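Coordinate analysis (summary)
As a plain string of letters, each chain reads:
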Amino acid sequence: MVSKRGSSVSQKILEHELVPKHEVVSLKEGLEVLKKYGIKPDQLPWIKANDPVAKAIGAKPGDIVKVVRKTPWGGEIVVYRYVVP
Amino acid sequence: MTVTEEEKIVSMIKFGILSPEEIRKMSVVEVKSTETYDEDGLPVPHSVMDPHLGAIDPGHICPVCGNSIKGCPGHFGHIELALPVINVIFIKYIYDVLRAVCANCGRLKLPQKDIERGLKYYRKLNERHPYLARRFSEYIKKRAIKTTVCPHCGYKQPKLKLTKPITIEEYNEETRSYIRLNPLVIRSRLEKIPNEDVELLGFDPQESRPEWMILTVLPIPPIAIRPSIMIETGIRSEDDLTHKLVDIVRTNERLKEHIVAGAPQIIIDDLWELLQYHVTTYLDNEVPGFPPAKHRSGRPLKTLAQRLKGKEGRFRGNLSGKRVDFSARTVISPDPYISINEVGVSVEVAMKLTVPEKVTEWNIEELRKCVINGPYKWPGANYVVTPDGRRIDLRYVKDRKSLAESLAPGYIVERHIRNGDIALFNRQPSLHRMSIMGHIVKVLPGRTFRLHLAVCPPYNADFDGDEMNLHIPQTEDARAEARELLKVQYHILTPRYGGVIIGGLQDYISGAYLLTVKTTLLTKEDVMELLSSAGVVKELPEPAILSPRELWTGKQIVSLFIPPDFNYHGKASISAGHLKCEDIECFWDSYVVVRTGKLLMGVLDKKSIGAEQQDSFFYFLVKEYGADFAVNFIDSVFRMFIRILEKKGFTLRLDDVAIPEKAKNEIIQMLMESFKKVQEYVDQYVKGVLEVVPGRTAEESLEIKILEILAEARDKAGEIAVGYLDPFNHAFIMARTGARGNVLNLTQMAATLGQMTVRGERIWRGYMGRPLPHFSVNDLGPIARGFIVNSFYSGLSPTEMFMHAAGGREGLVDTAVRTSQSGYMQRRLINALMDLYVEYDYTVRDSSGSIIQFLYGEDGADPAKAPHGKPINVERIVERVIGWKL
């Protein structure tokens with residue numbers, strides 16, 4: 001398959017049904033998350049900055065990404081990732 | 001230097017390489033004498049047994065620290081090596097560093113600008129992401145190794161080659177061959193590398209300079225690390241490490257002499273190599289390429305690396321796992337008359353295991369009796385601890401009576417364990433948490449541990465010689481934890497899938513069937529006997545049959561123990577074949593119905609009371625009435641099941657699997673027909689007109705078809721045989737109720753063994769075109785390929801017996817392979833998961849507090865309480881609320 005860097009292909013992966021919703025959270029929200037769990041940012045699970053989804057949503061090292069996943073029982077679970085280089 | 005008892009907190013541990021200066025600084029003596037003891041048996045000064053290395057004999061005072069054996073920590077000495085040698089442990093890194101730096105000027109082979117920029121980046125990374133810094137220096141190293149011309153001095157880099165184990169060779173342009181670099185050259189090259197370049201390569205130049213990877217000074221460990229053993233004859237036997245050190249000193253001294261005497265280079269090189277060999281094997285005696293150093297007896301020496309490595313090494317054998325006190329191990333045997341919460345402990349064991357009990361005014365009389373009984377009479381005591389911390393060993397107390405008199409509150413008596421104490425019971429392999437459970441001690445005569453049969457499944461125990469371990473918790477906290485969390489009753493439901501793992505098995509199931517089957521009618525005496533075996537006094541219901549005699553059914557008796565608001569319905573195990581029942585409209589009594597605590601119809605068997613059964617009668621009882629109820633149920637009702645078996649007599653005999661001549665003929669006829677069909681397929685195959693299964697070759701298609709026919713034939717034979725069996729034949733009862741065995745086992749005993757297979761194929765290996773020489777070549781017929789017409793009852797022919805053994809061997813090999821594989825898998829899993837825990841906010845964290853999962857299992861459900869991952873069983877709730885169809 002021909003793929004162009006930074007073009008529609010990397011945007012398209014976000015539309016795939018198996019890719020859960022990712023978004024970069026604001027600084028304020030990020031701090032709230034850290035406070036809620038009482039942790040430092042690097043104690044969150046990590047996502048690499050060159051992860052295809054991270055690139056697609058434009059996450060930079062130091063950001064916190066919010067992932068909303070569907071569970072098999074119909075519920076939703078919110079998890080966070082810390083973007084690392 | 002004296003040892004002070006100053007307390008400090010370890011905030012960080014840093015590993016580095018010992019520098020020669022550091023080794024000299026911590027050394028108390030230079031070792032240069034090759035003799036260890038003089039004629040008087042005294043250690044020679046400046047030998048590897050120099051007294052300065054630490055006090056080892058009791059009463060001896062250390063000349064360095066002034067402590068006796070108790071306080072002296074031991075001191076290091078050192079050897080000044082005549083010529084440097086390579087430390088094998090670092091050979092890979094030495095080779096890498098040598099390749100990454102210039103052979104001429106010793107700089108890292110990258111442009112100055114890159115080095116400066118890289119160093120800045122490296123330092124920053126090291127602060128925030130140390131794992132990335134390591135990757136970065138790997139990348140730098142790779143780039144530097146690729147460079148062929150030094151960017152600093154323009155020197156063309158010669159090629160380097162590492163010849164295992166420890167020779168580094170350099171390509172020489174003039175001679176066009178590889179020339180060996182000796183440790184002196186290597187060391188001088190490493191010395192030239194500036195600190196900045198060293199840092200960029202991933203070393204900390206303060207703690208570990210690369211040239212320190214070449215040994216010039218060797219530390220001599222304290223004697224306490226390598227104690228010599230005295231044999232009764234008074235002959236001293238030295239530790240392996242000491243032997244090795246003596247070798248090193250001897251070679252080193254010889255080398256020194258030769259150098260001073262100006263011996264030819266060849267002799268010096270030879271000795272140098274010998275020194276390298278001794279130092280290498282001293283560090284690690286399993287280096288590939290070096291012959292391991294041997295003891296006089298031919299046993300390989302256990303040197304430094306061998307002490308640490310592997311299962312019995314320091315880490316896995318002494319630090320991660322230790323032998324413990326207050327434990328016992330012996331053979332287990334069954335006892336159906338103790339509670340499932342109990343463990344039977346022999347008196348002998350009970351007199352060795354103790355519990356420390358504080359003396360108070362309420363237990364003082366009791367503990368006095370224990371002290372008077374002493375260590376050899378149960379229930380006694382082994383030690384008394386006075387309030388000032390003195391331990392009195394009761395074995396050596398002459399007058400225990402007066403000691404008992406002197407007991408007062410504040411004393412601690414280490415008394416024997418007795419009935420009611422809590423113990424931890426364990427069987428290896430400890431694969432899940434139910435492998436260690438809390439049991440209440442019950443001291444019994446005999447020499448084995450006794451356990452209730454229903455707790456065999458969680459331990460995976462049987463009584464063919466299994467041994468189990470018993471541990472006695474020593475603190476109040478540990479005992480409370482064992483009682484409240486670990487007791488057997490809290491593990492009836494397994495956290496694996498939320499079903500019962502403790503329940504009826506084998507005889508309990510046969511007994512339950514015999515008690516609840518329709519034909520069982522009990523007289524008043526029978527009922528009273530049963531109830532007394534259950535240990536209860538209950539008012540009897542109205543008898544099911546009033547005349548000519550009062551008779552009760554087994555179902556009525558069982559119903560006495562079911563809570564009055566309990567409802568249940570479900571299939572029984574015997575619901576199969578012509579006794580199949582799908583619903584309440586059932587003639588065969590194979591559908592269990594409980595309404596308002598009365599067992600109305602259906603027999604209890606494996607599906608209802610068995611262990612590891614889903615959504616069963618027993619499961620809902622446990623789930624809805626709790627663990628205490630379940631224990632009571634097992635301890636009373638299950639005992640009744642055993643009693644009815646004892647009353648009726650339940651056994652298995654050869655006649656049980658005997659079938660009439662008529663049935664035999666029927667089976668043989670049926671088999672002959674199948675054989676004919678097989679022959680037809682073989683003929684088709686030979687002619688080449690066999691219908692081929694898609695994606696298979698003709699041979700494979702033939703095999704598949706033959707296996708199909710023969711499996712069908714065996715099943716049919718089984719049906720015929722089972723059809724002729726009396727339904728109350730004991731072997732058949734066990735198979736139907738699920739107590740033990742299945743219809744296939746019965747078929748093999750009564751009718752025919754059927755096809756034997758190895759790796760899922762008919763048996764064909766052995767000779768060319770035939771498995772045994774008794775058959776003709778290329779005979780594809782059933783008999784020649786391992787079909788056994790006979791049954792265990794009729795007996796096997798010699799060739800059949802061979803085929804059966806071939807199939808049986810495969811099973812044995814499979815089990816052996818599986819256990820070893822699952823053991824290693826378990827070890828890896830535990831290493832990965834051991835310190836994860838669920839925080840109070842339901843997040844899963846590791847030991848550093850980092851989040852692994854934001855919600856345990858991503859649904860927060862406890863699998864022990866959510867059968868098969870489903871938190872609620874909607875059907876059951878609806879049924880309980882609106883009632884099942886009437």
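Residues numbered from 1 in each chain as written. Chains lettered and ligands numbered in written order. Predicted model: local features only at pLDDT ≥ 70, side-chain atom pairs only at ≥ 80, totals over all residues. Heavy atoms only, no water.

Focus: the domain arrangement of chain B
Splitting chain B by domain gives domain 1 (20-31 + 45-85 + 218-317), domain 2 (88-217), domain 3 (327-485), domain 4 (507-648), domain 5 (654-813) and domain 6 (837-880). Averaged C-alpha coordinates put domain 3 of chain B and domain 5 of chain B at centres separated by 55 Å. (Domains from an automatic or database assignment.)

Observations concerning the interface of chain A and chain B
Between chain A and chain B, the contact holds 19 residues from the first and 17 residues from the second. A combined buried area of about 1,400 Å² lies between chain A and chain B, and 57% of that area is made up of carbon and sulfur atoms. When the buried area of chain A at its contact with chain B is split by residue, Y37, Q43 and W73 of chain A rank highest and sum to 35% of it. Here chain A and chain B share 1 salt bridge between them. Measuring nitrogen to oxygen at the nearest pair gives 2.8 Å for the salt bridge that ties R69 of chain A to E858 of chain B. Elements represented by at least two residues in the side of chain A that touches chain B include exactly β2 (46-48) and β4 (76-84) of chain A. Within the side of chain A that touches chain B, the residues separate by chemical class into 13 nonpolar, 2 polar and 4 charged. (Contact = heavy atoms within 4.5 Å. Buried area = accessible area lost by both parts, 1.4 Å probe. Salt bridge = Lys/Arg side-chain N within 4 Å of Asp/Glu carboxyl O. Helix = DSSP H or I, 4+ residues; strand = E, 2+ residues; numbered from the N terminus. Nonpolar A, V, L, I, M, F, W, Y, C, P; charged D, E, K, R; others polar.)

Some remarks on the side chain of D240 of chain B
Residue and element names in this part refer to chain B. Of note, D240 is situated in helix α7 (residues 240-261). A polar contact of 3.1 Å, which involves the side chain of D240, links it to the side chain of R299. Not counting residues within four places of it along the chain, the set of residues in contact with D240 comprises H295, R299, L301 and K302. (Polar contact = N/O pair within 3.5 Å; in protein donor to acceptor, adjacent residues only side chain to side chain.)

Brief notes about the sheet that holds strand β3 (residues 64-70) of chain A
Residue and element names in this part refer to chain A. Pairing is mixed in the open sheet, where 4 strands are placed in the order β1-β3-β4-β2. Strands at the two margins of the open sheet, each flanked by one partner only, are β1 (21-24) and β2. Adjacent strand axes in the sheet meet at a mean angle of 35 degrees when their direction is disregarded. Sheet topology note: the β1/β3 ladder contains 4 bridges and is antiparallel. For H22, the partnering residue across the bridge sits in β3 and is V67. (Pairing = 2+ DSSP bridges. Axes fitted to C-alpha atoms, helices over the stretch in contact; angles between N-to-C directions.)

A look at the environment of R99 of chain B
All names here are of chain B. Within the element layout of this structure, R99 appears in helix α2 (residues 91-100). Overall, the relative accessible area of 24% leaves R99 in the partly exposed class. Here the alpha-carbon distance between R99 and D859, two residues 760 residues apart in the chain, equals 53 Å. (Buried < 20%, exposed > 50% of the residue type's maximum accessible area, 1.4 Å probe, protein only.)

Details of the packing of α2 of chain B against helix α4 (residues 130-146) of chain B
Residues and elements named next belong to chain B. Closest axis-to-axis distance for the α2/α4 pair is 7 Å, and the angle between their directions is 55 degrees. What the angle tells us is that α2 and α4 run oblique. Side by side, α2 and α4 meet where D96, R99 and A100 of the first sit next to K141, A144 and I145 of the second. (Parallel < 35°, antiparallel > 145°, perpendicular 65-115°, else oblique.)

Details of the sheet that holds strand β5 (residues 177-181) of chain B
Residue and element names in this part refer to chain B. Across the sheet, which stays open at both edges, the 3 strands sit in the order β3-β4-β5 with antiparallel pairing between neighbours. Looking at strand neighbours, the two that pair on one side only are β3 (160-163) and β5, the edges of this open sheet. Neighbour-to-neighbour, the strand axes of the sheet open up by a mean angle of 35 degrees, direction not taken into account. For β3 and strand β4 (residues 167-172), the ladder comprises 4 bridges, and the chain directions are antiparallel. Directly across from L162, in β4, lies its bridge partner I168.

Digging into the pairing of strand β15 (residues 422-426) of chain B
Residue and element names in this part refer to chain B. In terms of burial, β15 is largely enclosed, as 5 of its 5 residues are buried. Residue alternation in β15 divides its side chains into two sets, I422, L424 and N426 and A423 and F425, and both sets are buried. Pairing between β15 and strand β18 (residues 467-471): 3 bridges, direction antiparallel. From the neighbouring strand, F425 faces β18, where its bridge partner is L470.

Remarks on the packing of aromatic side chains
Residues and elements named next belong to chain B. In the structure shown here, the tally under the stated rule is 22 aromatic pairs over all chains. Taking the centre distance of 5.8 Å and the plane angle of 75 degrees together, the rings of F566 and F617 count as edge-to-face. Of this pair, F566 sits in the loop between α18 (554-559) and β21 (568-571) while F617 sits in helix α20 (residues 617-648), and the two are 51 residues apart along the sequence. Between F566 and Y625, the ring centres sit 5.9 Å apart and the planes meet at 65 degrees, which makes this aromatic pair edge-to-face. Taken as a pair, F566 in the loop between α18 and β21 and Y625 in helix α20 lie far apart in primary sequence, 59 residues in all. (Phe/Tyr/Trp six-rings, centres within 6.5 Å; stacked < 30°, edge-to-face > 60°.)

Some details on the nonpolar core
Residues and elements named next belong to chain B. Judged by nonpolar contacts, the single largest core of 81 residues is most densely connected at L470 and F617. For this core, the element with the most residues is α20, which contributes 17 residues. When residues no more than four places from it in sequence are discounted, the contact partners of L470 are F326, S327, A328, V343, V345, L353, A423, L424, F425 and F449. Core analysis: the second largest hydrophobic core is formed by 68 residues, M49, V101, L108 and A133 among them. (Core = buried A, V, L, I, M, F, W, Y, C linked by side-chain atoms within 4.5 Å.)

Comments concerning α2 of chain B
Each turn of an α-helix holds 3.6 residues, which means side chains three or four residues apart point in the same direction. Residues and elements named next belong to chain B. Most of α2 is tucked away: 7 of the 10 residues are buried. Taken together, the buried positions of α2 are occupied by I91, I94, Y95, D96, V97, L98 and A100. Buried residues belonging to α2 abut β2 (76-86), α4, β3, β4, α5 (183-192) and β6 (214-220).

Quick notes on a negative patch on the surface
Taken together, E35, D38, E39 and D40 of chain B make up a surface patch of like negative charges. Structurally, E35 of chain B can be placed in the loop between β1 (27-30) and β2. (Patch = residues over 30% accessible without salt bridge, like charges linked within 9 Å, V, L, I, M, F, W, Y side chains within 5 Å. Areas by Shrake-Rupley, 256 points an atom, 1.4 Å probe, with all protein chains shown as cover. Lys, Arg positive; Asp, Glu negative; His and termini not counted. Charge placed at Lys NZ, Arg CZ, Asp CG, Glu CD.)

Section: the pairing of β4 of chain A
Residues and elements named next belong to chain A. Across 3 bridges, β2 lies against β4 in parallel orientation. When the sheet's bridge partners are listed, W46 is paired in β4 with Y82. When β3 meets β4, the two strands line up antiparallel, connected through 7 bridges. By the bridge assignment, R69 is partnered in β4 with I77. In this structure, the hairpin formed by β3 and β4 is closed by a connection of 5 residues, where G74 is found at a positive phi of approximately 95 degrees.

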